[in-house]
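Chain residues, written in single-letter form:
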Amino acid sequence: MPELTFRSLFIGVVLAIILGAANAYVGMKAGLTVAATFPATVMALALLRPLGGGVLEQNVARTTASVGEALVAGAIFTIPAFLLTGVWSEFNYWESTLIMLVGGTLGVLFITFLRRVLVHDPELPFPESVACAELTKAGQAGETGASYVFGAMGLSAVIEVFKNEIGIKIIQEYARGFLPFRRFASPILPDIQHGGGIVWVTPSASPMLMGVGFIIGWRLAALVFTGGLIAWGLLVPLLLFAGPHLESAVGSRSWMEIASAVWRQQVRPLAVGAMIVAAFYTLSRLRQALRSAFAHAVQDLLRMVRGGGSSSSEVLRTEKDLPMGAVLLGILGLAIPIAILYGYFTERVGAALVTTLVMLAAGLLFAAVAGYLVGLIGSSNNPISGLTLSTLILAGLILLGIGVSGERGVLAVLGVAAVICCAMGIAGDMMQDLKVGQLLGGTPWRMQLGEMIGVWVSALVLTVPLVVLHRTYTIGSEALPAPQAGLMAMMSQGIMAGQMAWPLVLMGAFLALALILLRVPSVMLIAVGMYLPFYSTAAIFVGGLFRAILESVLRRRSLPEGERERIENVGTLVASGLIAGESITSIVLAFLLIGGLTLPKPAVAPMLMNGLALLVFAITAVALIVPPLRVARANRSA
């Protein structure tokens, strides 16, 4: 079957640029990017099927198209920090492009190196990859499965139009409030009164997030939700209660603002410390597989040097990667331009070499973690900004140790973080695509080559929309706050100026260690739950609850395991449609806004908006649970 064709690459590259530009705005406006795998899948189906393109051509087009969002996610989380710290006055096109080009290419090479380790791990459910494969199959199979997918897409799209801030907003996505505690006299200093309170937040009325929770299931959704409970049910109220000095700030600011600031400035660094330990713990669990992958790459390299060819010729088509020796040479070769860039940043050859080594080592480690997390919770919830913060902290400590500080230190730290963030974005996205390819029967090396071409073209183009957005809205302003980049700027300046809150990072590391000793299944997921907004983790948990209800009903009917799985797959199809519909609609709305089209904003009573949000939960529950039960009933009747 045709696979790596000119038309699949052309369509993929054009879509990569479009989706990347749209997500640049969404990411800096909302602090989250929309995973492009689902929109890219639907667009590839729509464009290639009328031309007679088969499933493998669509697979390559989707793989190439999704690279734009992944690359721009790495860029917008880090590169604007150069502006926010003041080390750049405007976007530097060539430096920005080189960071994306090298980081994206390294991401492709790192995940090529790790593909077999991760794609065959039986403990990784790859929720969004499974959903994307089901979406593709439904598009190929005609009406039977497609009716569930595309019906759910339409439902989710309509909800998003009326829920999105830049749409015709009549649905309140989530509600929140503050419950104050009764004041208590301090047992240590009686003159001091302890107060504070607890923030309550409802789950997001997001069919997409509930669809993700449905696909990953009750167990993993509960772990993410546990992190949210630790952050908002324990740490934020505890810090508010233990900080009586915060009472004096209530006059000019609300308790909600103070609680949000405590979460951003104190709990999130704690979560970063937990992520650092969890990341290395995850890697320690993969050490045997990583050692095997490295040994395979070295053997392939030696075989190439001796002129004996690559061992890949002995492998099945569906297991053929790019030659591992060439991959290893590519990783080492890319160290040269990045060392030159770091030398330009630091103006010291020794510091450039050290930062290059840090970037290569940390890049490979965190690419593995990003790929692993995508296998657990999907690309949409991959916390690459948290992992990038971990990298930034490690790089900052090393640079301080060798005497690099001040403006040059900030440039170098952000340079390391930016390359690794782009690499992790591509690595996570590509791992998701490679799993889809495995489920559809695609050829890995063709997908890897398509992704690399997508990176090269996108890197040359995607700096332009960043420049335009900055000149139009000003990055860091209320119109375009770019929260992740702001956090990177704060951390890099704090480290280089010696003002970092290391006790918080250390406490987070101890929390992760305690969870590891308790044999918690995934410490990283709990850290992610602490780092993400509570309304997101709660919505994922609600989706997991819907899955648990469906499984409970099906178990009571004593169905054979194979039949039960086929029935549950109907729910997976519906969840896939919910995810794809909201993703695509949010991108379309971003295009409309960038194009200057402002949708009407009707005046709606808050009570009605909240009531419509409750209706969204009811509709989503019915959409996810009822169709599988109807299929079960029909099978029993037959």
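Residues numbered from 1 in each chain as written. Predicted model: local features only at pLDDT ≥ 70, side-chain atom pairs only at ≥ 80, totals over all residues. Heavy atoms only, no water.

Regarding the overall build of the protein chain
Put simply, the rule reads: Put simply, DSSP H or I for four residues or longer makes a helix, DSSP E for two residues or longer makes a strand, and each gets a number counted from the N terminus. By the convention used here, residues are in contact when the closest approach between their heavy atoms is within 4.5 Å.
Helix and strand counts for the protein chain stand at 23 helices and 4 strands. Of all intrachain contacts in the protein chain linking residues separated by at least 6 positions in sequence, the fraction that spans at least 24 positions is 83%.

Digging into the confidence of the model for the protein chain
For clarity, the cut-off: On a range of 0 to 100, pLDDT expresses the predictor's confidence in each residue.
The pLDDT averaged across the protein chain works out to 82; a share of 89% of its residues lies at or above 70. Contacts for the low-pLDDT stretch residues 309–313, under 50 throughout, to residues beyond four places or in other chains number 12 contacts.

Here we look at the packing of aromatic side chains
For the record, the criterion: Each aromatic pair joins two rings of Phe, Tyr and Trp (for Trp, the six-membered one) with centres within 6.5 Å, and gets the label stacked for planes under 30 degrees apart, edge-to-face for over 60, and tilted for any other angle. Throughout, exposure labels follow a simple rule: accessible area from a 1.4 Å probe, protein chains only, divided by the maximum for the residue type, with under 20% read as buried, over 50% as exposed, and the rest as partly exposed. Note on criteria: charge over ring means Lys NZ or Arg CZ within 6 Å of the ring centre, with the direction from the centre no more than 35 degrees off the ring normal.
Taken as a whole and judged by the stated rule, the model has 12 aromatic pairs. Note on F178 and W255: the rings are 5.4 Å apart at their centroids and 5° apart in plane angle, and the pair reads as stacked. A residue pair is termed long-range when its members are at least 10 positions apart, and F178 in strand β1 (residues 176–180) and W255 in helix α10 (residues 255–285) qualify at 77 residues. When its relative accessible area of 15% is taken as the criterion, W255 is described as buried. Note on F225 and F541: the rings are 4.3 Å apart at their centroids and 10° apart in plane angle, and the pair reads as stacked. One end of the pair, F225, is in helix α9 (residues 207–241); the other, F541, is in helix α21 (residues 534–556), and 316 residues separate them in sequence. An aromatic cluster is built from F82, W88, Y344 and F345, whose rings are joined through pairwise contacts. One residue, R547, lies across the ring of F214, its end atom 5.1 Å from the ring centre.

Thoughts on the side chain of T620
Along the chain, the position of T620 falls in helix α23 (residues 606–637). Judged by relative accessible area, T620 falls into the buried class, the value being 1%. Among all residues touching T620, those that are not within four sequence positions of it are P207, M210, F546 and L578.

Thoughts on a nonpolar patch on the surface
Going by this rule: Each patch is assembled from residues with relative accessible area greater than 30% and no salt bridge, linking like charges that lie within 9 Å and nonpolar side chains (Val, Leu, Ile, Met, Phe, Trp, Tyr) that lie within 5 Å. Residue exposure ignores everything except the shown protein chains as possible cover, and the areas themselves are Shrake-Rupley values with a 1.4 Å probe. When a carboxyl oxygen of Asp or Glu lies within 4 Å of a side-chain nitrogen of Lys or Arg, that pair is called a salt bridge.
Residues F6, F10, V14, I18 and F591 make up a contiguous nonpolar surface patch of about 490 Å² in total accessible area. If one sorts the elements of the nonpolar patch by residue count, helix α1 (residues 6–30) sits on top with 4 residues. As for its position among the elements, F591 is in helix α22 (residues 561–594).

Section: the nonpolar core
Applicable threshold: The definition of a nonpolar core used throughout is a set of buried Ala, Val, Leu, Ile, Met, Phe, Trp, Tyr and Cys residues joined through side-chain atoms within 4.5 Å.
Within the largest apolar cluster, 202 residues are counted, with the highest numbers of intra-cluster contacts made by I79, F82, W88, L106, L240, M359 and M524. Broken down by element, the residue count for this core peaks at 21 residues, all from helix α15 (residues 406–440). If we skip the residues at most four places from it in the chain, M524 touches M275, A278, A279, V369, L373 and L387. Residues I11, L15, A44 and L48 belong to the second largest nonpolar core, which totals 9 residues.

Here's the deal with the packing of α9 against helix α20 (residues 523–531)
The cut-off we apply is this: Only the contacting stretch of a helix is used when fitting its axis, a line to C-alpha atoms as for every element, and angles between N-to-C directions run 0 to 180 degrees. Angular relationships are summarised with four words: roughly parallel below 35 degrees, roughly antiparallel beyond 145, roughly perpendicular across 65 to 115, and oblique for the angles in between. Should the near helix be turned anticlockwise from the far one by less than a right angle, the crossing is left-handed, and should it be turned clockwise, the crossing is right-handed.
In contact at an axis separation of 7 Å, α9 and α20 are set at 50° when each is read in the N-to-C sense. The orientation of α9 relative to α20 falls into the category oblique. Here the hand of the crossing between α9 and α20 comes out right-handed. In contact with L220, L223, V224, T226, G227, G228, I230, A231 and L235 of α9, α20 contributes L525, I526, G529 and M530.

What to know about the pattern of salt bridges
Where side chains of opposite charge bring their charged atoms close, a pairing between them can arise. According to the stated counting rule, one finds 12 salt bridges in the structure shown. In this structure, E582 engages K163 in a salt bridge whose closest nitrogen and oxygen atoms are separated by 3.5 Å. Remark: K163 occurs in helix α8 (residues 143–163) and E582 occurs in helix α22; sequence separation between them is 419 residues. A relative accessible area of 6% means that E582 is categorised as buried.

Overview of helix α2 (residues 37–48)
Convention followed: Multiply 1.5 Å by the residue count of a helix minus one, and that product is the helix's expected span.
Look at α2: 16 Å from first C-alpha to last across 12 residues, which is about the 16 Å you get at 1.5 Å a residue. Within the span of α2, buried status applies to T37, F38, P39, A40, T41, V42, A44, L45 and L48.

Comments concerning unusual backbone geometry
Phi is positive for E347, which is not a glycine, with a value near 60°. For E347, the position within the fold is in the loop between α12 (324–346) and α13 (349–377). Positive phi is not limited to glycine here, since R519 has a value of about 60°. Along the chain, the position of R519 falls in the loop between α19 (502–517) and α20.

A short note on the state of the cysteines
Definition in use: Cysteine sulfur atoms that pair up within 2.5 Å are treated as a disulfide.
Counted by the stated rule, this structure contains 0 disulfides. Sulfur of C421: no disulfide; nearest cysteine sulfur belongs to C422 and is 6.2 Å away. With relative accessibility at 0%, the residue C421 sits in the buried group.

Overview of the environment of L270
Examined against the element boundaries, L270 turns out to sit in helix α10. Sequence separation of L270 and L504 is 234 residues, and the distance between their C-alpha atoms is 5.0 Å. Filtering out sequence-adjacent residues up to four positions away, L270 remains in contact with L235, L504, M507 and G508.

Details of the side chain of S66
Turning to its location among the elements, S66 is positioned in the loop between α3 (55–65) and α4 (67–76). What S66 contacts, discounting residues up to four positions off in sequence, is A36, T37, A40, D429 and D433.

Description of the environment of M430
Inspection of the secondary structure puts M430 in helix α15. Judged by its relative accessible area of 0%, M430 is buried. Look past the residues within four positions of M430 in its chain and what remains in contact with it is V108, I111, T112, Q448 and E451.

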